[in-house]
Amino acid sequence: MSIIRPYGDTTGDGMVQLSFTLPMPHSKVAEGAAVQLANKMGMEPALVVHAKPVGEGFTFFVVYGRVSHLVDTDAVSVVERDYPLLTPKEANAAIKQGLRRRLVVVGGCIGTDAHTVGIDAILNIKGFAGEKGLEYYRELKVVNLGAQVSVPELVAAARAEKADAVLVSQVVTQRDAHLLNTREMSAAFREAYPADRRPLLVVGGPRFDEAMSADLGVDRVFTRGTTPGEVASFLVHRLVSAKVAS
Ligand code: B12
């Protein structure tokens, strides 16, 4: 039962949908080129179901077609949540009891990134997906630095606030900016702090791979759809529960 294939109309028919842009004006030849690309990617037959000019000399396509590939779900590797989900009340109680002071969180978007909606969804009291953000938690002190924070500014703020955790958002991924900025950030914290004093480093954004935390030098990567409760629970798990247990 671990071997499956995608379906569109009838179970197991192998139908998938793919979208992409080609650098040519919309024409019959452009549609043929889209089909050729889909064929080369293993879609056979492939049908252009949507084609629209986007800007001068570019066309956006949606292609629907059959693939013969099988997926083995037993061979899938993912990062599972390895800590319990807490309610705000439980998180507050754990911090109060375990830390006996408020836990300090400093957050922001680094580099030139001005996409603050994601970090605000996690930090602002308003929250996300029906959950209140970290500002709602009585035992958390949240300092939201906003957009386009430089790495030195972030390190300085973390020091000034005696941050327990630093939360960084990266949404723009052009030329791997999110990866380069995150590595620069984690290296700067490693340089600025002795290993046992460094704040917990958490990075998030829609196009991160959760499995890349070691490669990026951070303690956890969160990706699309993250809720504030998941983040608060992680902070309590790593900064309170783990310390109490040791
Ligand atoms: C709104 C938006 C903007 C707004 C941003 C307003 C603001 N104050 O944030 C404005 C208009 C300013 C903007 C500008 C630009 N944008 Co814009 N923008 C978007 C858009 C439409 C939505 C992003 C968003 O708000 N998502 C909603 C939030 C809630 O989701 P999220 O960010 O994924 O956050 C969640 C998780 O990822 C996670 N998370 C995120 N951060 C963090 C951090 C931590 C610590 C944790 C734990 C979790 C976490 O939790 C959140 C809740 O679940 C996206 C397209 C899209 N549909 O996603 C493009 C998009 C991100 N923008 C894009 C681009 C290109 C730009 C511009 C360069 C455009 C231009 N040429 O000027 C500029 C860049 C400006 C800059 N300097 O950064 C591209 C990026 C492409 C790429 N490969 O990098 C996108 C993908 C659009 C596209 N398809 O081309 N943009």
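In this text, all values refer to a predicted model and were calculated from it rather than measured experimentally.

Undergrad: Would you explain the overall build of the chain in this entry?
TA: When helices and strands are counted, the chain shows seven helices and ten strands. Against the compact-globule benchmark of 18 Å for 246 residues, the chain has a radius of gyration of 22 Å, which places it well outside the compact range. Along the longest, intermediate and shortest principal axes, the C-alpha atoms of the chain span 65 × 45 × 35 Å. Expressed as a percentage of contacts within the chain between residues at least 6 apart in sequence, the contacts between residues at least 24 apart total 65%.

Undergrad: Sorry if this is basic, but what is going on with the sheet that holds strand β10 (residues 220-222) here?
TA: Backbone-to-backbone hydrogen bonds join strands into a sheet, with any given pair of strands oriented parallel or antiparallel. Within the open sheet, the five strands sit side by side as β7-β6-β8-β9-β10. Their pairing is parallel. Every other strand in the sheet has two partners, leaving β7 (140-144) and β10 as the edge strands with one partner each. Sheet twist, expressed as the mean angle between neighbouring strand axes with direction ignored, is 20°. The pairing of strand β6 (residues 103-109) with β7 spans five bridges and is parallel. By the bridge assignment, L103 is partnered in β7 with L140. Contacting β6, β8 (165-169), β9 (200-204) and β10, helix α7 (residues 228-245) crosses the sheet at an angle of about 160° to β9.

Undergrad: I would appreciate a short explanation of the pairing of β6 in the present structure.
TA: A regular strand places its side chains so that they alternate between the two faces of the sheet. Within β6, seven of the seven residues are buried, leaving the element largely enclosed by the surrounding structure. A two-sided burial pattern is seen for β6, the buried positions comprising L103, V105, G107 and C109 on one face and V104, V106 and G108 on the other. Once you follow β6 into helix α3 (residues 117-123) and on to β7, the crossover reads as right-handed. Bridge analysis of β6 against β8 gives five bridges, and the strand direction is parallel.

Undergrad: Got a minute to help me understand the sheet that holds strand β2 (residues 15-22) in this structure?
TA: Reading across the sheet, the three strands line up as β2-β4-β3 and stay open at both edges, with antiparallel pairing between neighbours. Whereas interior strands pair on both sides, the edge strands pair on one side only; in this sheet they are β2 and β3 (46-53). Adjacent strand axes in the sheet meet at a mean angle of 15°, parallel and antiparallel pairs treated alike. As paired elements, β2 and strand β4 (residues 59-66) share eight bridges and run antiparallel to each other. Residue pairing across strands places L18 opposite V63, the latter belonging to β4.

Undergrad: Got a minute to help me understand the coordination of the cobalt atom of the ligand in this structure?
TA: Put simply, a metal with four donors set out as a tetrahedron has ideal angles of 109.5 degrees, and one with six donors set out as an octahedron has ideal angles of 90 or 180 degrees. In this structure, the cobalt atom of the ligand receives exactly one donor atom from the protein: H115 (NE2), at 2.2 Å. With respect to the helices, strands and loops of the structure, H115 is situated in the loop between β6 and α3.

Undergrad: Please clarify how the pattern of salt bridges should be interpreted in this entry.
TA: Should their charged atoms come close, side chains of opposite charge can pair. Under the counting rule described, the total for this entry stands at seven salt bridges. A salt bridge links D219 to R198; the nearest nitrogen and oxygen atoms lie 3.0 Å apart. Of this pair, D219 sits in the loop between α6 (213-216) and β10 while R198 sits in the loop between α5 (177-192) and β9, placing them 21 residues apart in sequence. Connected through shared salt-bridge partners, R198, D219 and R238 make up one network.

Undergrad: What is the right way to read the layout of surface pockets from this model?
TA: Any empty space left between atoms is shown by rolling a water-sized probe over those atoms. By volume, the largest pocket amounts to about 300 Å³. For the largest pocket, the lining is made up of 21 residues, of which G118, I122, G205, T223 and T226 are closest to its centre. When contributions to the lining of the largest pocket are tallied by element, the ones reaching two or more residues are α3, β8 and β9. Tallied by class, residues from the lining of the largest pocket come to 13 nonpolar, seven polar and one charged.

Reading guide: rules and limits
Residues numbered from 1 in each chain as written. Predicted model: local features only at pLDDT ≥ 70, side-chain atom pairs only at ≥ 80, totals over all residues. Heavy atoms only, no water. Helix = DSSP H or I, 4+ residues; strand = E, 2+ residues; numbered from the N terminus. Rg over C-alpha atoms; globule rule 2.2 N^0.38 Å. Contact = heavy atoms within 4.5 Å. Pairing = 2+ DSSP bridges. Axes fitted to C-alpha atoms, helices over the stretch in contact; angles between N-to-C directions. Buried < 20%, exposed > 50% of the residue type's maximum accessible area, 1.4 Å probe, protein only. Right-handed = clockwise from strand over helix to strand, strands pointing away. Donors = N, O, S within 2.8 Å, 3.2 Å for Na, K, Ca; no water. Salt bridge = Lys/Arg side-chain N within 4 Å of Asp/Glu carboxyl O. 1 Å grid on protein atoms, 1.4 Å probe; cavity = no way out; pocket = protein on both sides within 12 Å on 5 of 7 lines; lining within 4 Å. Points joined across faces, edges and corners; volume = space filled by probe spheres on them. Nonpolar A, V, L, I, M, F, W, Y, C, P; charged D, E, K, R; others polar.

Note that every value here comes from positions in space, so none of it alone points to a role or purpose.
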